[in-house]
Every structure is written in structure tokens, then in C-alpha cells.
Amino acid sequence: MLVQNEFFDLLVREEKVILRTKKNGFPLKSFDAITREHPRLKIISFPVLRKALTEVEAEHIIGNWIPTIEVAIAADKMTAQLYINVSTKEFEENKQSILNQAEKVLDDTGVIYGRTILQDEPFKPGESIIAALGRKPQKGEDAVVSYIEIPERRPMIREDGSADYFEMNFVTPIKQGDWLGEKTSPQEGIDGKDVLGNDLAARRGEDAKIYFDTKSVADEQEADRVVLKASHGGALESIDGVISVGKQLIISGNVGPETGSIKFDGSVAVYGTVLAGYSVNATGDISVEGNEGITNAKEIQSSEGDIYIKGGIFGGGLTIVEAQGNIFVKHANNCKLYGKEVHVGLYLLGTEVIAESVFIDKNQGKIIGGEIKALYKIECAFAGNSHERKTILNAKGIDKEVMYMEVQEMAKSLKERQGIIEKLEQHALPFRNSGSLMKGSQAEAYEKILATIESNRDAIVELDKEIQLGLRKIKQSVPAQIEVTKEAYPGTIILIGSKSSTLHSGTKGIFEIIDGVLNV
């Protein structure tokens, strides 16, 4: 018997708490005092209790008589909570024996790892005590990749905001054995344990790929890391994130009668100039470091890299500078510049430029005469001059719909060529089976089929490159724009897309197509 009063008897029978009501009128709220006095009493629900208090001469199961000590283990087995179902008074009077009993219950439940010292845990009736905590597995450190710093090819900006094209660190020389990068290996993790003592395996760190050109860079294993070192001397290169050392030809003087015109598979650094009528053609970067620049040279061409001409160009209407990448030059006079981006420090005079973007110094750079054709952007401080010299600034922009149609046509052509290859390979099969027995016209026909297959494969590779380039241009395209920060003189022609305007008075600003109208 737990409680006897004029309203009811409260008793325990087979771990169930029974309420036998004698009289109505006992306040439901007053039952809280009884549950506080008997922490092991766990009410099923208050609606059940309310009903039991109103039905006289009836017995109701209103709750359960829970154990003095309970252990609850989380679903992930990483925590064990202890419930001591006694009153504060009972706990204080029997603390040590209750805690000893709790330790035994934890043992019997199988909680063996990460146990807390129960003596140090505060006790409040009805609240749980954290009896044990598991150790989570720790994932190992990921692999870390680092590379030699590659200087950005941008002119240094002076304090007055102008661009310095004299010192660009255009070429980074590399010696054999130089450090180019490294990768530390992923580390093993630290295993964990749950409160029941089960081992929890830790994940190893994520691996990472290190990108390098195997022909010019060697990878050496040192302890727990892979180190990249230059296989030979040359110029540092990074193409699409792949580190490499390109062949480098250094001309300590001029390109002229003593050297002849230069053709080189790699990078070329000329520490003098390129004399009139001579050329430099290279697959890699080309730098002409002489302060006097070049005068009336025939051609400076890089099929895969950038071009830097420290002292500028006096072209005499003859010089052509062409790069697959970017062109950096102090100034250009009466020449042709073709590149991805063209960066100019002082001026373009009577020069033809075709590029994706053209950047002339926005503080002092001038475009006087000639025609500048850009896909995306042209920027300068001054355009034209006070004598109203005809100067054409043409930012074409990308018509995405036209470009997408071109990409679709190329994709169609690529598929057709793949079909041709499949048919030709079927035709070639009987010849292959004949092997060495083929003679005369049969052998010639077989060779012709193989040559056609090879030419179609080459065409597919080129088409795929053009398709990827077209898709990249569509994705990266921005509205065409011309910016003149100081003054565009009368006589300057502004062309953007299909819209054009000839200036009849000086102006400045950002010119673009807004709502189908050129804002000049």
C-alpha cells in the first residue's frame, strides 16, 4: 500500500499501480505531490488518472511501478543514461548503496566503456544522469596537394593606378631537380568505441589526385608523401591545371643575322630584340625582354602560349603578333595583334587587334586609329584624338542562339563521321582476316580505307574541341561592352553587336546595348 486517504487507496500489485476510488473530489493537481513522494510511480496518462478519480468503488491501473535503477542506451549505442527513481531525501540517506546498485545495473546491462564517475554527477529526481559516453571514430586527414606558386601574368599596378609593363616575371625558369609540388598521403583514422565496448571503424582520409606532366616531371616517394621534381631544366608551365616544365630556348642577344628566324617547340626568351624582317615562332610562351621593343619584325607567333613584349612594337605596317593565349605589350604602333586577351600599357596607334577582350590602361591608355575587334570587352582611357582620326571600337558579343546552332551542326557532323568510321571498319574486316595474303589492288584498297578512317578520327577530335569551346563560350558569355574612362573623341566609331554610332562630340562612359538600343 502506497497511499490511503478518504478519497482512495493507492497500491502496487505485480509492478502495476492500482487506484481504488472511495470518494469523488480529490484534485487532479494534488496528485503531483504523490508522484514526487514516490518517484517509481510512472503515470500511464492523465486522462486515465482523471477517469479513475471520478469512478467510485472501482479499481483502475493508472501507472507502472518502475525499477529503482533504469539504464537507457541510445540507438547508436554512443550514450547510456541512468535514471535513479528515488526521492532526494532517500538518495541522500542511502547515496552510496544506491550508487553501488547503479554500477551493478550498468555492468549487468553491458555498459563497459566510457563510464562516468557517478559520485561526481549531480542528482535530481526524474532527471537522467549521463552514465557513459562512447568515442566516435575520427576520420583520417585527407590527402593534401600543393604546387609551386605560378606568378599571375598581369602587369603590376603602380600607386597612381597605371600599369607597369616593364617587370612582369613572364617566364619562371626551372632547374633540373627543382621542387614543383607534393602530395601528403591520406591518413588512417582513429577507431571509436560504443558504450558496450564494440569497436567502430574509422574512415581513412580522402585521397586526392596530383596532376603533372610525366614527360617533364618526376614523382618521388618520400616517407608519407609524393614529391614532384623537374626532370630537366626549362620554363614552368601549367596548362589546365597540369604542372609541367616546357623546353626553353634562351637568346641572350637579338634575333637577327646571327641566329636567323627562330622556330622552336617550347618557350623562347629573347633578352634583346627581334630585328626587322625576322620572326620567332614557338609552341610555348614567347618573351622579348629588350627595353627598346621590336621594330619592323615580321612575325611573333605562339601556337599554344602567351606573348610578352616588354618594350612595345613599332610595326611599320608589317609586324604580326599572334598568340593562342594572351598578349602583353607596352605599346603597339602600326601592327596586327591577334590573341585571347590583349593587354597594353600606353597606346595602340593605327593597329588592328582581334581578341576576346582588349584592355588598355584605364588611367592613361589611348587607342588612336586602327580597328579593335573584341568578342566581349574593350576598355581604355582615350579613344581617337582631337584631329578626329577614324578609330573603330567593335565589341561583337556572342549570339547564343547562333552559337548553339553552330554547336548542333558540329555535333551532327561528328556523329556522321562516327558512322562513316563504323562502316569503314566493317569493310576493312575481310582485309584484316586476309592478313599477309593481300596483294596489289586489294592491299591498296585496304590502305585507302585505313587512311580514311584515320582522317575521320582526326576530324572527330578537332570537332570535339570546337564543340567544347563553343559550349564554354555560351556558358561564359557576357554582354559586349566598351568602356572609355576619360574621353572618346569625335570620329570614333562605336560598334556593339549589330548596332553602331559615329561620335560627333566628345564623350565617355560605358557603352552597351540596353533594351535593344546602343546607349551612345
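That block above? That's the structure.
The sections below set out a description of the structure shown in this document. (Residues numbered from 1 in each chain as written. Predicted model: local features only at pLDDT ≥ 70, side-chain atom pairs only at ≥ 80, totals over all residues. Heavy atoms only, no water.)

A few points about the overall build of the protein chain
- Assigned secondary structure in the protein chain consists of six helices and 44 strands.
- Here the protein chain has a C-alpha radius of gyration of 42 Å; the compact-globule value for 520 residues is 24 Å, and the former is much larger.
- When its C-alpha atoms are laid out on the principal axes, the protein chain stretches across 120 × 80 × 50 Å.
- Accessible area of the protein chain: about 28500 Å², with a carbon and sulfur share of 50%.
- Taking the average location of the 62 positive side-chain charges in the protein chain and that of its 77 negative ones, the two points are 3 Å from each other. (Helix = DSSP H or I, 4+ residues; strand = E, 2+ residues; numbered from the N terminus. Rg over C-alpha atoms; globule rule 2.2 N^0.38 Å. Areas by Shrake-Rupley, 256 points an atom, 1.4 Å probe, with all protein chains shown as cover. Lys, Arg positive; Asp, Glu negative; His and termini not counted. Charge placed at Lys NZ, Arg CZ, Asp CG, Glu CD.)

Brief notes about the environment of Gln4
- Mapped onto the fold, Gln4 is located in strand β1 (residues 3–4).
- Relative accessible area serves as the criterion here: at 58%, Gln4 is assigned to the exposed category.
- Separated by 16 residues in sequence, Gln4 and Arg20 have C-alpha atoms that sit 9.7 Å apart. (Buried < 20%, exposed > 50% of the residue type's maximum accessible area, 1.4 Å probe, protein only.)

Details of helix α4 (residues 95–109)
- Across its 15 residues, α4 extends 21 Å between first and last C-alpha, which sits within 8% of the 21 Å expected from 1.5 Å per residue.
- Residues of α4 that are buried include every one of Ile98, Leu99, Ala102 and Leu106, and no others. Take α4 and look down its axis: the buried residues cluster within an arc of 95 degrees, on one side only. Opposite the packed face of α4, turned more than 90 degrees from it, sit the exposed residues Lys104 and Asp108.
- Where α4 is buried, its residues touch β6 (69–73), β7 (79–84), α3 (88–93) and β8 (129–133).
- Just past α4, the residue Gly110 takes up positive phi, approximately 95 degrees. (Expected span 1.5 Å × (residues − 1). Arc of directions from axis to C-beta. Contact = heavy atoms within 4.5 Å.)

Some points on the packing of aromatic side chains
- Inspection of the entire model under this criterion finds five aromatic pairs.
- Measuring from centroid to centroid gives 6.4 Å for Phe26 and Phe31, while their planes differ by 90 degrees, and the two rings are edge-to-face.
- For Phe26, a relative accessible area of 17% puts it in the buried group.
- Centre to centre, the rings of Phe91 and Phe123 are 4.1 Å apart; their planes meet at 20 degrees, and the pair counts as stacked. Separated by 32 residues along the polypeptide, Phe91 in helix α3 and Phe123 in the loop between α4 and β8 bring together distant segments of the chain. Here the two residues Phe91 and Phe123 agree in accessibility, since each one is buried. (Phe/Tyr/Trp six-rings, centres within 6.5 Å; stacked < 30°, edge-to-face > 60°.)

Section: unusual backbone geometry
- The phi torsion at Lys77 lies on the positive side, around 60 degrees, for a residue other than glycine.
- Residue placement: Lys77 occurs in the loop between β6 and β7.
- Notably, Glu388 is not glycine yet its phi reads approximately 60 degrees, a positive angle.
- Inspection of the secondary structure puts Glu388 in the loop between β37 (371–383) and β38 (391–395).

Structural notes on the pattern of salt bridges
- This model, assessed by the stated rule, comprises 23 salt bridges.
- The partner of Glu222 in a salt bridge is Lys229, with the nearest N and O atoms 3.5 Å apart.
- Glu222 gets classed as partly exposed once you look at its relative accessible area, which sits at 26%.
- One connected set of salt bridges, linked through shared partners, spans Asp9, Arg13, Arg20, Lys22 and Glu59. (Salt bridge = Lys/Arg side-chain N within 4 Å of Asp/Glu carboxyl O.)

Concerning the sheet that holds β7
- Taken in spatial order, the three strands make up an open sheet running β6-β7-β8, and their pairing is antiparallel. A single partner strand is all that each edge strand has here, and the edge strands are β6 and β8. Taken pair by pair, the neighbouring strands of this sheet meet at an average axis angle of 25 degrees, ignoring direction.
- Where β7 and β8 come together, four bridges link them in antiparallel fashion. Residue pairing across strands places Gln81 opposite Ile130, the latter belonging to β8.
- Here α4 sits on the sheet in contact with β6, β7 and β8, set at roughly 40 degrees to β6. (Pairing = 2+ DSSP bridges. Axes fitted to C-alpha atoms, helices over the stretch in contact; angles between N-to-C directions.)

Topic: the sheet that holds strand β19 (residues 242–246)
- What the three strands build is an open sheet, ordered β12-β18-β19; its pairing is antiparallel. Taken across any chain shown, the strands that pair with only one partner, and hence form the sheet edges, are β12 (173–174) and β19.
- Pairing geometry for strand β18 (residues 234–239) and β19, over five bridges, is antiparallel. Bridge pairing in β19 places Leu236 opposite Val245.

A look at the state of the cysteines
- Per the counting criterion, the structure on display carries zero disulfides.
- There is no disulfide at Cys335, and the cysteine sulfur nearest it, in Cys380, is 16 Å away.
- Residue classification places Cys335 among the buried positions, given a relative accessible area of 4%.
- Look at Cys380 and you get buried, because its relative accessible area is 0%. (Disulfide = S-S within 2.5 Å.)

Considerations on helix α2 (residues 46–54)
- For α2, the complete set of buried residues consists of Leu49, Ala52 and Leu53. Taken end-on, α2 shows its buried residues confined to a sector of 100 degrees, consistent with a single buried face.
- Tucked into the core, α2 has its buried residues touching β2 (8–13), β3 (16–21), α1 (31–37) and β5 (59–65).

With respect to the environment of Ile210
- Structurally, Ile210 can be placed in the loop between β15 (199–200) and β16 (217–222).
- What makes Ile210 buried here is its relative accessible area of 11%.
- Placed 64 residues apart in sequence, Ile210 and Ser146 show a C-alpha to C-alpha distance of 8.5 Å.
- Sequence-distant contacts of Ile210, that is, excluding residues within four places in its chain, are made with Val145, Tyr147, Glu182, Lys183 and Leu228.

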